[in-house]
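Below are the chains, spelled out letter by letter.
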Amino acid sequence: MADSFYINDMEITSRLFMGTAGYPSPEILRQSIEAAQPGMLTVSLRRESKAGKGQAFWNIIKSFDIPVLPNTAGCQSIKEVVATAQMAREIFETNRIKLEIIGDDYTLQPDPYGLLDATRELIGLGFEVYPYMTDDLILAQRLVDLGCDILMPWGAPIGSGRGLNNIYALKLLRDRFPDKTLVVDAGIGAPSHAAAAMELGYDAVLLNTAIAKSAYPPLMARGFAQAVQAGRNGFLAGIIEAQNSGKPSTPLIDRPFWHQEKTG
């Protein structure tokens with residue numbers, strides 16, 4: 001079932017967004033992208049350049065007809081964020097930027113104050129900001145007030161594989177911002193986690209480590225693509241409400257075999 005959606009005027013054909021870092025080899029990365037057919041690929045200019053992966057990595061990214069979302073991972077200041085975003089705009093010819101400013105080295109939790117300041121400056125420079133944020137409702141509202149049409153709350157700390165730590169908060173964000181594009185970003189560890197996010201009505205999920213560090217990334221990539229679609233289908237179809245007691249799936253309207261029942 002076709003289920004594409006739009007971010008501004010860009011059609012997104014898959015609700016699975018994939019990171020490109022940490023794969024065993026460029027070839028495994030290529031196979032994983034082919035297996036998942038993601039709607040968007042994220043790339044860290046600072047981390048990938050520092051890793052010295054060379055032209056093979058960049059050629060693979062550019063060989064796919066998939067929108068690229070550069071990010072500011074590794075930046076420690078707004079000055080670094082702006083410089084990285086401007087470099088990404090020149091290299092990839094896009095105003096899209098996934099904004100990351102980490103406030104805690106242990107949890108890799110985003111810095112909410114730096115996030116707001118950097119968002120304000122980047123939007124002023126003409127960027128389309130995709131903010132990586134916690135699941136805080138007030139922070140989300142402040143980002144929307146600044147002009148963000150896309151919010152990317154975490155499910156759990158980056159790379160933790162814990163899944164959705166606070167389903168209530170994620171559901172609240174979905175309920176409060178029905179007209180914004182919401183993407184669960186970070187913490188996803190298993191296909192079931194991705195399906196659960198989509199069942200909440202999120203527009204997409206973004207993940208990296210769960211595929212890149214699995215035993216066989218191409219197969220895991222395919223599994224995540226299937227899980228995202230399954231969760232989306234469940235949301236669209238309407239999931240039944242949980243009950244506190246059993247309820248027969250086939251109601252009793254008669255007793256056709258009454259004569260076989262024992263009496264006395």
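Residues numbered from 1 in each chain as written. Predicted model: local features only at pLDDT ≥ 70, side-chain atom pairs only at ≥ 80, totals over all residues. Heavy atoms only, no water.

### Overview of the environment of Asn 95
Okay, step 1: Topologically, Asn 95 is positioned in the loop between helix 4 (78-92) and strand 6 (96-99).
Okay, step 2: With relative accessibility at 35%, the residue Asn 95 sits in the partly exposed group.
Okay, step 3: Once the C-alpha coordinates of Asn 95 and Ala 56 are considered, the two residues, 39 residues apart in sequence, prove to be 24 Å apart.
Okay, step 4: Apart from the residues lying within four places of it in its own chain, the contact partners of Asn 95 are Arg 89, Gly 126, Phe 127 and Glu 128.
Okay, step 5: Within the structure, the side chain of Asn 95 is placed 3.2 Å from the side chain of Arg 89, a separation counted as a polar contact. (Helix = DSSP H or I, 4+ residues; strand = E, 2+ residues; numbered from the N terminus. Buried < 20%, exposed > 50% of the residue type's maximum accessible area, 1.4 Å probe, protein only. Contact = heavy atoms within 4.5 Å. Polar contact = N/O pair within 3.5 Å; in protein donor to acceptor, adjacent residues only side chain to side chain.)

### Some words on helix 10 (residues 217-237)
Three or four residues apart is the spacing at which side chains of an α-helix point the same way, because the helix has 3.6 residues per turn.
Okay, step 1: Look at helix 10: 30 Å from first C-alpha to last across 21 residues, which is about the 30 Å you get at 1.5 Å a residue.
Okay, step 2: For helix 10, the set of buried residues is Pro 217, Pro 218, Ala 221, Phe 224, Ala 227, Val 228, Gly 231 and Arg 232.
Okay, step 3: Residues of helix 10 that are buried in the fold lie against strand 3 (16-19), helix 1 (26-36), helix 8 (191-199), strand 10 (204-207) and helix 9 (209-212).
Okay, step 4: Just past helix 10, the residue Gly 238 takes up positive phi, approximately 95°. (Expected span 1.5 Å × (residues − 1).)

### Some thoughts on unusual backbone geometry
Okay, step 1: In this model, Asn 8 sits at a positive phi of 55°, which is unusual for a non-glycine residue.
Okay, step 2: Structurally, Asn 8 is set in the loop between strand 1 (5-7) and strand 2 (10-12).
Okay, step 3: Phi at Glu 93 is positive, roughly 55°, even though this residue is not glycine.

### A short note on the pattern of salt bridges
Okay, step 1: This structure, assessed with the given rule, holds eight salt bridges.
Okay, step 2: Across the salt bridge formed by Asp 175 and Lys 171, the nearest N and O atoms sit 3.3 Å from each other. Separated by four residues within a single helix, Asp 175 and Lys 171 lie in helix 7 (residues 167-176), roughly one turn from each other.
Okay, step 3: By relative accessible area, which is 42% here, Lys 171 ends up partly exposed. (Salt bridge = Lys/Arg side-chain N within 4 Å of Asp/Glu carboxyl O.)

Honestly, it's all geometry; don't read function into it.
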